[in-house]
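Remarks on the overall topology
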Amino acid sequence: MLINYRLEKEHETIFLEQIRILNDTSRFRENRQYMQHGTTSVYVHSISVAWVSCLLAEQLHLQVDWLSMIRGALLHDYFLYDWHEKNTGHRLHGFHHPARALKNARADFSLNDTEAFIILRHMFPLTPVPPASAEGWIVCLADKICSSFETFHQPLVGSGYLSVMS
């Protein structure tokens, strides 16, 4: 179920530019080789979460730090491994991957506090500490929405944005 909603131009520019930056300057593209939910890669999932976060913030007319929200959403699952592999390092993945994603993101980028807390707290309530900002709550909710659709259907990301994922 692809939703064809186009983001407002200002937000779309930030969204697309951050994907380009991550693709060109980091290990972000590696996420294409790791499955997240169903047949959706971590790469597509992360882009979907960023897009749904923007969609929610726009539709609810929320005042957010768009750059931080988008970067935090794109990097929220930057753990860079296949959690489906039988490996003791992947045990309890749902509980531990936010810290691993944050460690990897900090190795590749300079993060502000909002971005770091989005990554670290996106698994609430599975992890006990809730998000610390509106941006964090939005990404947390967008992650649950996208994960549900990916597990049972397909990614939600707008078909107009699929070209940035190739």
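What you see is a predicted model; the values in this text were computed from it and never measured.

**A word on helix α5 (residues 113–121)**
Think of an α-helix as 3.6 residues a turn; residues three or four steps apart then line up on the same face. All buried positions along α5 are accounted for by Glu115, Ala116, Ile118, Ile119 and Arg121. Where α5 starts, the residue carrying a side-chain oxygen 3.0 Å from the main-chain nitrogen of Thr114 turns out to be Asn112.

**Here we look at the side chain of Asn23**
Note that Asn23 resides in helix α1 (residues 9–25). Of the polar contacts made by the side chain of Asn23, one reaches the side chain of Tyr43; its length is 2.9 Å.

**Quick word on helix α3 (residues 66–75)**
Counting buried positions along α3 gives nine out of ten residues, so the element sits mostly inside the fold. All of the buried residues along α3 are Trp66, Ser68, Met69, Ile70, Arg71, Gly72, Ala73, Leu74 and Leu75. Among the residues of α3, the N-terminal cap falls to Asp65, whose side-chain oxygen and the backbone nitrogen of Leu67 are separated by 3.4 Å.

**Some words on the side chain of Asn104**
Checked against the element boundaries, Asn104 lands in helix α4 (residues 93–108). Overall, the relative accessible area of 10% leaves Asn104 in the buried class. Those residues in contact with Asn104 that sit more than four places away from it in its chain are Arg27, Tyr78, Phe79 and Leu80.

**Focus on the nonpolar core**
If you look at the biggest cluster of nonpolar residues, it comprises 38 residues, and the most contacted ones within it are Phe15, Met69, Leu74, Leu75 and Tyr78. Those elements giving two or more residues to this core turn out to be α1, α2 (42–59), α3, α4, α5 and α6 (134–152). For Leu74, the contacting residues outside a window of four places in its chain are Gln18, Ile19, Leu22, Phe28, Ser46, Ile47 and Ala50.

**Considering the pattern of salt bridges**
Going through the model one piece at a time under the given rule, you end up with five salt bridges. A salt bridge links Arg6 to Glu12, with the shortest nitrogen-to-oxygen separation between them at 2.5 Å. Judged by relative accessible area, which is 6%, Glu12 ranks as buried. What emerges from the salt-bridge pattern is a single network uniting Arg6, Lys9 and Glu12.

**Overview of unusual backbone geometry**
Cis geometry marks the peptide bond from Phe124 to Pro125, where omega comes out at 10°. Within the element layout of this structure, Pro125 appears in the loop between α5 and α6. For His61, which is not a glycine, the phi torsion comes out positive at approximately 55°. Within the secondary structure layout, His61 lies in the loop between α2 and α3. The class of His61 is exposed, set by a relative accessible area of 67%.

**What to know about the packing of aromatic side chains**
Think of a pair of aromatic rings as described by two things: how far the centres are apart, and how the planes are tilted against each other in angle. Summed over the entire model, instances satisfying the criterion amount to three aromatic pairs. Ring plane angle 50° and centroid distance 5.1 Å describe the contact between Phe28 and Tyr43, whose orientation is recorded as tilted. With Phe28 in the loop between α1 and β1 (35–37) and Tyr43 in helix α2, this residue pair connects regions lying 15 residues apart in the sequence. Exposure remark for Phe28: the relative accessible area of 0% places this residue in the buried category. Seen from their ring centres, Phe124 and Trp137 are 5.5 Å apart, and the 85° between their planes marks the pair as edge-to-face. With Phe124 in the loop between α5 and α6 and Trp137 in helix α6, this pair connects stretches of sequence that are 13 residues apart. Judged by its relative accessible area of 22%, Phe124 is partly exposed. Note on Trp137: relative accessible area 42%, which makes it partly exposed. Across the ring face of Tyr43, the terminal group of Arg32 is positioned such that the distance to the ring centre comes to 4.5 Å.

The rules behind each value
- Residues numbered from 1 in each chain as written.
- Predicted model: local features only at pLDDT ≥ 70, side-chain atom pairs only at ≥ 80, totals over all residues.
- Heavy atoms only, no water.
- Buried < 20%, exposed > 50% of the residue type's maximum accessible area, 1.4 Å probe, protein only.
- Helix = DSSP H or I, 4+ residues; strand = E, 2+ residues; numbered from the N terminus.
- Polar contact = N/O pair within 3.5 Å; in protein donor to acceptor, adjacent residues only side chain to side chain.
- Contact = heavy atoms within 4.5 Å.
- Core = buried A, V, L, I, M, F, W, Y, C linked by side-chain atoms within 4.5 Å.
- Salt bridge = Lys/Arg side-chain N within 4 Å of Asp/Glu carboxyl O.
- Phe/Tyr/Trp six-rings, centres within 6.5 Å; stacked < 30°, edge-to-face > 60°.
- Lys NZ or Arg CZ within 6 Å of the ring centre and 35° of its normal.

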